[in-house]
Amino acid sequence: MNGDSILTDYTDARLGMRLFLFTEILLFGCLLLLYSVYHSRFPDDFLFCAGTLDMATGTIGAIILLSGGLAMSLAVSSLKKEKRRRAALFLSAALFSGAAFLITRFVEWSALFKLGLFPNSKILLQHSPGENIFYSLYYLATGLHGLYVASAMAILSVMLFKITRKNAGTLAETETGRPAPRVENSAAFWYLLSGIGIFLLPLFYFADIPAKYLPLLPYIIFLMLLLHLPYLGMLWVSAALSTVYRKWKPDLSTDFINFAPVKLPVWIFFGFFPPLVLAFLYKLLLANNPIPIHLFLLRIILLNVPGFFLLLIYRRTGHFIAGAVGATAVLGYCFLFFDITSLLVFPEKWFLLKTRLPYPFFSITPLLHFAEFILLSFIITGAGILFFYNRRPEQPPHYKLMKLHGCGLMLAGTLPLPLILLPDLFNFPGYSLSISVYVLSGLMIVVLCVIAYAALAIILDKEKKRNVPGYAVFTFILSIALFGLMTGRDRALETSANMENAAVLRMEAVKTWNDFTAKHEELYAKTTAPDEKLGEQIVNERCSACHGFDRKVLGPPFNNVLPKYFNKQDQLEAYIKNPKKIDPQYPAMANPGLTTMQIKSVVKFLMLKMGVKDESAGN
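These numbers come from a predicted model, not from an experiment.

(A) Spotlight on the overall build of the protein chain. A count of helical and extended segments in the protein chain gives 22 helices and zero strands. For the protein chain, the proportion of its 619 residues judged to be buried stands at 50%. Taking the intrachain contacts of the protein chain between residues at least 6 apart in sequence as the baseline, contacts between residues at least 24 apart amount to 78%. For the protein chain, the exposed area adds up to about 29,900 Å²; of that, 67% sits on carbon and sulfur atoms.

(B) Looking closely at the packing of helix H11 (residues 293-317) against helix H12 (residues 320-341). The geometry of H11 relative to H12 is characterised by a closest axis approach of 7 Å and an angle of 160 degrees between their N-to-C directions. Accordingly, the angle class assigned to the pair H11 and H12 is roughly antiparallel. Crossing handedness for the pair H11 and H12: left-handed.

(C) Region of interest: the confidence of the model for the protein chain. Taken residue by residue, the protein chain gives an average pLDDT of 76. The fraction at 70 or more is 78%. Low confidence marks residues 172-177, where pLDDT is under 50. Its contacts with residues over four positions away, or in another chain, come to 13 contacts. Low pLDDT, under 50, characterises residues 615-619; the predicted model gives this stretch 11 contacts beyond four residues in sequence or across chains.

(D) Fine view of empty space enclosed by the protein. Throughout the structure, instances matching the rule amount to six cavities of 30 Å³ or more. Here the largest cavity is characterised by a volume of approximately 120 Å³. Lining the largest cavity are Leu 225, Leu 229, Phe 337, Phe 338, Thr 341, Ser 342, Val 345, His 369, Thr 487, Asp 490, Leu 493 and Glu 494. Elements with a contribution of two residues or more to the lining of the largest cavity: helix H8 (217-245), H12 and helix H17 (468-497). A total of four residues in the lining of the largest cavity trace back to one element, the largest contributor, which is H17. Looking at side-chain class alone, the lining of the largest cavity contains six nonpolar, four polar and two charged residues.

(E) A look at the packing of helix H21 (residues 569-577) against helix H22 (residues 596-609). Packing of H21 against H22 brings their axes to within 10 Å, and their N-to-C directions diverge by 125 degrees. On the basis of their axis angle, the class for H21 and H22 is oblique. Considering only the axes of H21 and H22, their crossing is right-handed. On H22, the residues touching Gln 569, Leu 572, Glu 573, Ile 576 and Lys 577 of H21 are Thr 596, Ile 599, Lys 600, Val 603 and Met 607. Of the residues assigned to the contact of H21 with H22, the class counts are five nonpolar, two polar and three charged.

(F) Inspection of the nonpolar core at higher detail. Counting 153 residues, the largest nonpolar core has Phe 134, Phe 204, Leu 229, Tyr 282, Leu 297, Phe 337 and Phe 373 as the members making the most contacts within it. It is helix H6 (residues 129-163) that contributes the most residues to this core, 16 residues altogether. Excluding its chain neighbours within four sequence positions, the residues that come into contact with Tyr 282 are Ile 221, Leu 225, Ile 293, Leu 297, Thr 341, Leu 344, Arg 491 and Glu 494. Within the second largest apolar cluster, 15 residues are counted, among which are Leu 562, Val 602, Phe 605 and Leu 606.

(G) Region of interest: the packing of aromatic side chains. This structure, assessed with the given rule, holds 20 aromatic pairs. Consider the rings of Phe 113 and Tyr 139, whose centres lie 5.6 Å apart with planes at 70 degrees: the pair is edge-to-face. Of this pair, Phe 113 sits in helix H4 (residues 84-114) while Tyr 139 sits in helix H6, and the two are 26 residues apart along the sequence. For Phe 113, a relative accessible area of 43% corresponds to the partly exposed category. On the accessibility criterion, Tyr 139 (9% relative accessible area) is buried. Aromatic pair Tyr 333 and Phe 337: ring centres 6.0 Å apart, planes at 45 degrees, arrangement tilted.

(H) Molecular detail of a nonpolar patch on the surface. Among the surface-exposed residues, Leu 404, Leu 456, Ile 459 and Leu 460 lie close enough to one another that they form a single nonpolar patch of about 380 Å² accessible area. Within the secondary structure, Leu 404 sits in helix H14 (residues 399-414).

Quick notes on the rules
- Residues numbered from 1 in each chain as written.
- Predicted model: local features only at pLDDT ≥ 70, side-chain atom pairs only at ≥ 80, totals over all residues.
- Heavy atoms only, no water.
- Helix = DSSP H or I, 4+ residues; strand = E, 2+ residues; numbered from the N terminus.
- Buried < 20%, exposed > 50% of the residue type's maximum accessible area, 1.4 Å probe, protein only.
- Contact = heavy atoms within 4.5 Å.
- Areas by Shrake-Rupley, 256 points an atom, 1.4 Å probe, with all protein chains shown as cover.
- Axes fitted to C-alpha atoms, helices over the stretch in contact; angles between N-to-C directions.
- Parallel < 35°, antiparallel > 145°, perpendicular 65-115°, else oblique.
- Left-handed = near helix turned anticlockwise from the far one by under 90°.
- pLDDT = per-residue confidence, 0-100.
- 1 Å grid on protein atoms, 1.4 Å probe; cavity = no way out; pocket = protein on both sides within 12 Å on 5 of 7 lines; lining within 4 Å.
- Points joined across faces, edges and corners; volume = space filled by probe spheres on them.
- Nonpolar A, V, L, I, M, F, W, Y, C, P; charged D, E, K, R; others polar.
- Core = buried A, V, L, I, M, F, W, Y, C linked by side-chain atoms within 4.5 Å.
- Phe/Tyr/Trp six-rings, centres within 6.5 Å; stacked < 30°, edge-to-face > 60°.
- Patch = residues over 30% accessible without salt bridge, like charges linked within 9 Å, V, L, I, M, F, W, Y side chains within 5 Å.
- Salt bridge = Lys/Arg side-chain N within 4 Å of Asp/Glu carboxyl O.

This is the structure we're talking about:
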């Protein structure tokens, strides 16, 4: 078989995997559509059912899956360099994360099955159809995702077995240096599963936000912004430089577009999922206000999606128009993104928003924030060029020119940025300013000075005494920290500007959750038989400290009190739910804080203990 046919086989393998990944995105997209339709029909039922899911378990599972994606990425990087032992170690870590994720899913499913919360169970069939639909969608989406994770683990196990064999053959293409198709396709599948795991987290677990989880929203928004903004900056700057050099220096243009993160799995994880999650989180965070931030974000995705695919076409074909239009679309998306998110700092102007998108120049703040983003994009792209090109075992043909561009971009971003940060502080409204805003802005200026010093040191080091790879790692980490500082400053501004809204939202969340809980507890208590074993457990754990059956403790013995409630179990249940002082010889009974179902179980156990065989007891 000649080299051309081998290359064709590689291309077909990669194309087939991309088609498979595309069909999976369509499949989960259809599930999202179903969820949206039924959520609009049964919002109350979906809200309550989401509260029955363990948010901590779901979040831990998503973090575990993300760590597995990181391990898989490191394994692919090791396989490119033919470092089999290191690759085997990272693949083992990815397998371990997959197994741990499946364990968390099993624990969660077991808890729900124990409560009888599964499709077409006796409990759910007696309740609203919205609850049955929610759990059907939940089990379908998470079960299908878990099945894919198990399949990916089987694939990784085969790969791990092969790379540990001495006669496994090469794991990278000799012509291009890319990983072999079986390696690249397995990694792409695992990345997709990690992205789907993050996507399912807000869809099901964050559909209900009890008051105790509301303080977590700003931190999740911060994380999504930190994933999204640096990626957009590197994507736009590298694509713009590539199109500028396309007709002047084609080889240098190719280097820039190859550096750009124009890959479908990377874009899905960093460019597509974060704005969707942000739209959902902003909807929850601004539930009491008329500002439709979530709708604005969903609309501007119409620029993000075609912009990326035009850049993907440009990378494959080198067509100048596709690159220019794609880079312009991404830049337009970034501008509208900052124009929309800057609204959160000015709640007094929300009543002016009567258009499908906010006015681009409702104040100078969006322009200043957008200018800061452009300069930070220069910095992170320049630092990224130095970082990624210095990691290669062999320097590329245009290494010196790329290094010069990297240092030049960092200086082009660091020198004018302080001139924008200072007027931006004076433009913020007074009610949004806090000490943390000043501290974070000061830290940004300090980090900018350090990055500028590193870039100048690399440029002026003509005798090559500097450790350029070390400087590259240092500046790249600092450039990411700059985005974190800017995002943290903006979140501090938004938090200060929306303190009143957050307080009202917490109060309403507590009231709403209590109302839903009480409503569904009564519903479950009417349709579910009391459990005398549960009643016995509650009596032994909570009641035995104050009451005995035939002896006085703090309160009267049960055998003196219970005969008064024979055939009047409903009165006993009402008393336990809201106890009142009756006998002056004993202190008032404290409210045990039991649910209706627990109270019925306690009453049934006590009546059976007293010898009452009436089936109506506790029912």
